[in-house]
Amino acid sequence: MAKSSADDQELRRACEAAIEGTKQSVVMSIRVAKSRGMWGKTHKLGRDMAKPRVLALSVKNKGQRTKAFLRVLKYSTGGVLEPAKLYKLKHLSKVEVLTSDPSGCTFTLGFDNLRSQSVAPPQWTMRNIDDRNRLLLCILNICKDALEQLPKVVGIDVVEMALWAKENTPAISSQKSQQEGEGPAAATVTERDLKVTVEKELVSQAEEEDMEALLGTYVMGIGEAEAFSERLKRELLALEAANVHAILESEPLIDEVLQGIESATNCVDDMDEWLSIFNVKLRHMREDIESIETRNNKLETQSVNNKALIEELDKLLKGLHVPTEHATCLTGGSFDEARMLQNIEACEWLAGALRSLEVPHLDPIYANMRAVKEKRAELEKLKATFVRRASEFLRNYFASLVDFMISDKSYFSQRGQLKRPDHADLRYKCRTYARLLQHLKTLDKNCLGPLRKAYCSSLNLLLRREAREFANELRASTKASKNPTVWLEASTGSGQNMNAADTSTVSEAYSKMLTIFIPLLVDESSFFAHFMCFEVPALVPPGGTANGDKSEYDDDDPNDDDLGIMDIDDNDSKAGKQTGELAALNESLQDLLDGIQEDFYAVVDWAYKIDPLRCISMHGITERYLSGQKADAAGFVRLLLGDLESRVSMQFSRFVDEACHQIERNERNVRQMGVLSYIPRFATLATRMEQYIQGQSRDLVDQAYTKFVSIMFVTLEKIAQTDPKYSDLFLLENYAAFQNSLYDLANVVPTLAKFYHQASEAYEQACTRHISMIIYAQFERLFQFAKKIEDLMYTIAPEEIPFQLGLSKVDLRKMLKYSLSGLDKSISAMYKKLQKNMTSEELLPSLWDKCKKEFLDKYESFAQLVNKIYPTETIPTVTEMRELLANM
């Protein structure tokens, strides 16, 4: 037989460790399986449902009293035992071995102090019968000796328990030896376990002695088998005869019993008949009661439904009712400012009433009711009447506001007084009807189109009048001398351009026009977009301005265009819807602001006539305002600024084209000598243009530079070709003048620096050609002789060249005598020829130095050829020639 867990010392030590600190000693510990049963039902045990537990019996000595406990311990996550339940054995009332377990290893322990007796107690399953008997025997002994009471034992044979205890006494003795040294309490209980037996529970010692004495007085006489058998037969026959005699004697009694039974049967039959009658009556009564209850339930349901129906109909009638005050406002009320609150309330009620009759807000069951359809038609008629009346009133109201302002001349600029347009009062009066427009849009979006056109038409007259009067007075009040438009004409004097008058007031006037009207137009666009209920993003950020700088148009608050109303359809705005709204807004802004650009064009044309170069500064001013217009809803203002920029660029291009024609007219003169007049004039013009540059106008000026200089260089080349003899001298003088006049500007203007380098290259090429011509004119035979030698060296050996025709030593001596005799006179003649026809005397020293250097280079090449081909001939050395030139 496998070792029982009750003998496992490691398990006992683990249990003692788990209850350490309770001053209790473990008497027995054994492993069990815990499961849960059900009341009134047999429970089939399943090993998969069982939970491993350890039952430990512990005692605690408290003076003369001993307390006994049953502890349930479970395994924690780390496999360590920890207390789970604690039962006091003094409350143990029942020990029951379950008959549903064939093995007999499952039992339950009933305690009389459990709070809920309706919950089935846990079932404990042992490994085998020995473990079960050992645990139960230990529990019974402790209860009898330590607690002086025994629980009720059910489902187990106590005789079998007693026999098992006798047979397993050695095992228990061996357990005792293992328990020595574990404490006096444990030893005491263990000794008691060995002395107590089940017989004590069945009979006392005195009864046992009496039974032994009784059995001793009765002589069985079983030594002789046949005699004993005969004796048993006689006793059996006597016993049967006595039974028959007893039966015969009890016949009258049996008859009386049978009569009583028959009487009782008759009573029972009568009772059964009465019960059948009562049952029928009760069944009929039950059916009647059920019928009554069914009718009552139907009536109750009908009553509830009728009540709910009445509530729904009352609610529907309440929604279909048109209040008298709202109907009056919608059909014939006034639109004065004092009555606007009533009109707004009526609009809100009408919109809510129409919305409540739509299917999402109304039960579809009611949608097709005749009353609902009629009420919807009535509300639609009210809506159409109100929208028509409100639209007619607003169209007339917009026209009357603008007519009143136009008729009052104090609103506009007058002679000697520039008047800034002020629309604060106009906007204030319009805001009175902003919420009315919001509700009109909710009721009928199509009515906004004519209203927007009426507003645009009326306000367009006012804006054009303000712009025209302002532009006229601005031009009249600006004092500026007119500058010439002819800068590069050959026939005009240069002094006229050098003392050009200050025309800055022209640019200031144009800037003032933009500063006043561009923010005004942006504000009007923003106000129009909000006032007329366009679902578009804001035109300018809160607190922002139209051009990115601090606006001078401060009549209104920066947040002035916020109408103080909530958009009714905010949640319905979609990207595609906004795109369509933006297109409609730009179309309306076209109607609102169309025609005002003519007054801006008039200012640009006026400024151009006074000083064409002011187009540069006007272009920069316009570009600055244009870069500040980022909002999509201010589209027409951007178009206006773009048209203004194109107008300024066109006028400036007109000036550039005219100046180019002036340059080209120089070509028609019969002969041009010296520096052309447009060279220094262009430098003056470029200096003036640089002074006018503002903001983004650099590209415009650079394009003009490119066109000017390109025409200047082409014209210069054409004029030079008319006299080939002096063309190089003409070119180098003009290119030098171009470089000298633009030196300072070329250092700061990249475009002019490019043309400066181009003129420098052309100057160097012209210098080289002119100097070569002068040198060849004086020493033609010398360098032609050298050229013949160079040509022959490609075909024949150097030592054979002296034997060629015209290249002998004699020919060399003749050529040297002709070319180098009177060398100082030849050099002087070369200097005089260089000086002849030169109008720019300041260029002569540098040209002469270039000429001497070029001559020395050519002579050095000639000397090397002579030394190589004619080594025996002597000629002036390069050093001697350099010294001679230095002394000239």
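The paragraphs below set out a description of the structure included in this document. (Residues numbered from 1 in each chain as written. Predicted model: local features only at pLDDT ≥ 70, side-chain atom pairs only at ≥ 80, totals over all residues. Heavy atoms only, no water.)

## Quick look at the overall build of the protein chain
Phase 1 of the analysis: Per the secondary structure count, the protein chain includes 32 helices and 8 strands.
Phase 2 of the analysis: Across the 888 residues that make up the protein chain, the buried fraction comes to 42%.
Phase 3 of the analysis: Accessible surface for the protein chain amounts to roughly 49400 Å². Of this, 53% is attributable to carbon and sulfur atoms. (Helix = DSSP H or I, 4+ residues; strand = E, 2+ residues; numbered from the N terminus. Buried < 20%, exposed > 50% of the residue type's maximum accessible area, 1.4 Å probe, protein only. Areas by Shrake-Rupley, 256 points an atom, 1.4 Å probe, with all protein chains shown as cover.)

## Some remarks on the packing of aromatic side chains
Phase 1 of the analysis: This model, assessed by the stated rule, comprises 21 aromatic pairs.
Phase 2 of the analysis: On the numbers, 6.2 Å between centres and 80° between planes, the contact of Phe-682 with Tyr-705 is edge-to-face. Here the residue Phe-682 occupies a position in helix H23 (residues 678–692), and Tyr-705 occupies one in helix H24 (residues 698–721), the gap between them amounting to 23 residues. For the pair shown, Phe-682 and Tyr-705 are each scored as buried.
Phase 3 of the analysis: Aromatic ring contacts, followed pair by pair, group Phe-393, Tyr-397, Phe-398, Tyr-433, Tyr-455, Phe-527, Phe-528 and Phe-531 into a single cluster.
Phase 4 of the analysis: Here Arg-614 stacks its cationic end above the ring of Tyr-692, 3.9 Å away from the centre of that ring. (Phe/Tyr/Trp six-rings, centres within 6.5 Å; stacked < 30°, edge-to-face > 60°. Lys NZ or Arg CZ within 6 Å of the ring centre and 35° of its normal.)

## Describing the packing of H23 against H24
Angle between the axes and distance between the axes are the two parameters that describe a pair of packed helices.
Phase 1 of the analysis: As a packed pair, H23 and H24 sit with axes 12 Å apart at the nearest point and diverge in direction by 180°. In terms of their interaxial angle, H23 and H24 are classed as roughly antiparallel. Taken together, the residues of H24 that come into contact with H23 (itself represented by Tyr-678, Ile-679, Phe-682, Leu-685, Ala-686, Met-689 and Glu-690) are Arg-698, Val-701, Ala-704, Tyr-705, Phe-708, Val-709, Met-712, Thr-715 and Leu-716. (Axes fitted to C-alpha atoms, helices over the stretch in contact; angles between N-to-C directions. Parallel < 35°, antiparallel > 145°, perpendicular 65-115°, else oblique. Contact = heavy atoms within 4.5 Å.)

## Considerations on the sheet that holds strand S2 (residues 51–62)
The pairing of strands in a sheet happens through backbone hydrogen bonds and is either parallel or antiparallel.
Phase 1 of the analysis: Taking strand neighbours across the sheet as the criterion, the 8 strands line up as S4-S3-S2-S1-S7-S6-S5-S8 in an open arrangement whose pairing is mixed. The strands lining the two open edges of the sheet, one partner per strand, are strand S4 (81–88) and strand S8 (152–154). Sheet twist, expressed as the average angle between the axes of neighbouring strands with direction ignored, equals 35°.
Phase 2 of the analysis: With 9 bridges connecting them, strand S1 (residues 25–36) and S2 associate as antiparallel partners. (Pairing = 2+ DSSP bridges.)

## Concerning the pattern of salt bridges
Phase 1 of the analysis: This structure, assessed with the given rule, holds 16 salt bridges.
Phase 2 of the analysis: Here Glu-235 ties to Arg-231 by a salt bridge, and the two come within 3.3 Å at their closest N and O atoms. Here Arg-231 and Glu-235 lie together in helix H8 (residues 225–249), a separation of 4 residues that amounts to about one turn.
Phase 3 of the analysis: In this structure Glu-235 comes out as partly exposed when scored by relative accessible area, which is 41%.
Phase 4 of the analysis: Between Asp-605 and Arg-647 there is a salt bridge whose closest N-O contact spans 2.7 Å. Taken as a pair, Asp-605 in helix H20 (residues 597–610) and Arg-647 in helix H22 (residues 635–664) lie far apart in primary sequence, 42 residues in all.
Phase 5 of the analysis: Overall, Arg-647 belongs to the partly exposed group, its relative accessible area being 24%.
Phase 6 of the analysis: Within this structure, Glu-690, Arg-698 and Asp-702 form a network of salt bridges that share partners. (Salt bridge = Lys/Arg side-chain N within 4 Å of Asp/Glu carboxyl O.)

## Looking at the state of the cysteines
Cysteine pairs can be covalently joined through their sulfur atoms, and such a bond is termed a disulfide.
Phase 1 of the analysis: The final tally for this structure, using the stated rule, is 0 disulfides.
Phase 2 of the analysis: Its sulfur unpaired, Cys-138 is 9.5 Å from the next cysteine sulfur, which belongs to Cys-143.
Phase 3 of the analysis: In this structure Cys-138 comes out as buried when scored by relative accessible area, which is 5%. (Disulfide = S-S within 2.5 Å.)

## As for the packing of H23 against helix H25 (residues 727–741)
Phase 1 of the analysis: Between H23 and H25, the shortest axis-to-axis distance is 9 Å and the interhelical angle comes to 20°. Classed by the angle they form, the pair H23 and H25 counts as roughly parallel. When the axes of H23 and H25 are compared, the crossing they make is right-handed. For the pair formed by H23 and H25, the contact residues are Ile-679, Phe-682 and Ala-683 on the first element and Asn-734, Ala-737, Phe-738 and Ser-741 on the second.
Phase 2 of the analysis: Taken together, the residues of the contact of H23 with H25 sort by class into 5 nonpolar, 2 polar and no charged. (Left-handed = near helix turned anticlockwise from the far one by under 90°. Nonpolar A, V, L, I, M, F, W, Y, C, P; charged D, E, K, R; others polar.)

## Some words on a negative patch on the surface
Phase 1 of the analysis: Taken together, the side chains of Asp-269, Asp-270, Asp-272 and Glu-273 make up a negatively charged region of the molecular surface.
Phase 2 of the analysis: Mapped onto the elements of the fold, Glu-273 is located in helix H9 (residues 251–320).
Phase 3 of the analysis: A relative accessible area of 48% places Glu-273 in the partly exposed class. (Patch = residues over 30% accessible without salt bridge, like charges linked within 9 Å, V, L, I, M, F, W, Y side chains within 5 Å. Lys, Arg positive; Asp, Glu negative; His and termini not counted. Charge placed at Lys NZ, Arg CZ, Asp CG, Glu CD.)

## Concerning the pairing of strand S7 (residues 122–125)
Phase 1 of the analysis: Where burial is concerned, the two faces of S7 agree: the one with Pro-122 and Trp-124 and the one with Gln-123 and Thr-125 are both buried.
Phase 2 of the analysis: Relative to S7, S1 is paired through 4 bridges, and the arrangement is antiparallel. The residue bridging Ser-35 from the neighbouring strand is Gln-123, located in S7.
Phase 3 of the analysis: Pairing analysis gives 3 bridges linking strand S6 (residues 106–111) to S7, with the strands arranged antiparallel. Bridging across to S7, Thr-106 finds its partner in Thr-125.

## Considering helix H21 (residues 614–628)
Phase 1 of the analysis: When the terminal C-alpha atoms of H21 are compared, their 22 Å separation across 15 residues agrees well with the 21 Å that a helix rising 1.5 Å per residue should span.
Phase 2 of the analysis: Buried residues dominate H21, accounting for 12 of its 15 residues.
Phase 3 of the analysis: Taken together, the buried positions of H21 are occupied by Arg-614, Cys-615, Ile-616, Ser-617, Met-618, His-619, Gly-620, Ile-621, Thr-622, Glu-623, Tyr-625 and Leu-626.
Phase 4 of the analysis: Buried positions along H21 lie against helix H18 (504–531), H20, H22, H23 and H24. (Expected span 1.5 Å × (residues − 1).)

## Observations concerning a positive patch on the surface
Phase 1 of the analysis: On the surface, Arg-36, Lys-51, Lys-74 and Lys-85 cluster together into a patch of positive charge.
Phase 2 of the analysis: Checked against the element boundaries, Arg-36 lands in strand S1.

## Considering the nonpolar core
Phase 1 of the analysis: One finds Phe-708 and Phe-862 to be the most contacted residues of the largest nonpolar core, which totals 167 residues.
Phase 2 of the analysis: Counting residues per element, this core draws most heavily on H18, at 15 residues.
Phase 3 of the analysis: The residues that make up this core include at least three from each of domain 2 (446–481 + 504–539 + 580–669) and domain 3 (680–887).
Phase 4 of the analysis: Core analysis: the second largest hydrophobic core is formed by 33 residues, Val-27, Val-59, Tyr-87 and Leu-137 among them. (Core = buried A, V, L, I, M, F, W, Y, C linked by side-chain atoms within 4.5 Å. Domains from an automatic or database assignment.)

## Some thoughts on the pairing of S2
Phase 1 of the analysis: Judged from the 9 bridges that link them, S2 and strand S3 (residues 65–75) form a sheet pairing that is antiparallel. Each bridged residue has a counterpart across the sheet, and for Val-54 the counterpart in S3 is Leu-73.
Phase 2 of the analysis: Between S2 and the antiparallel strand that follows it, S3, lie 2 residues; Gly-63 among them carries a positive phi value of about 70°.

In short, the description is geometric, and any link to function would need to be established separately.
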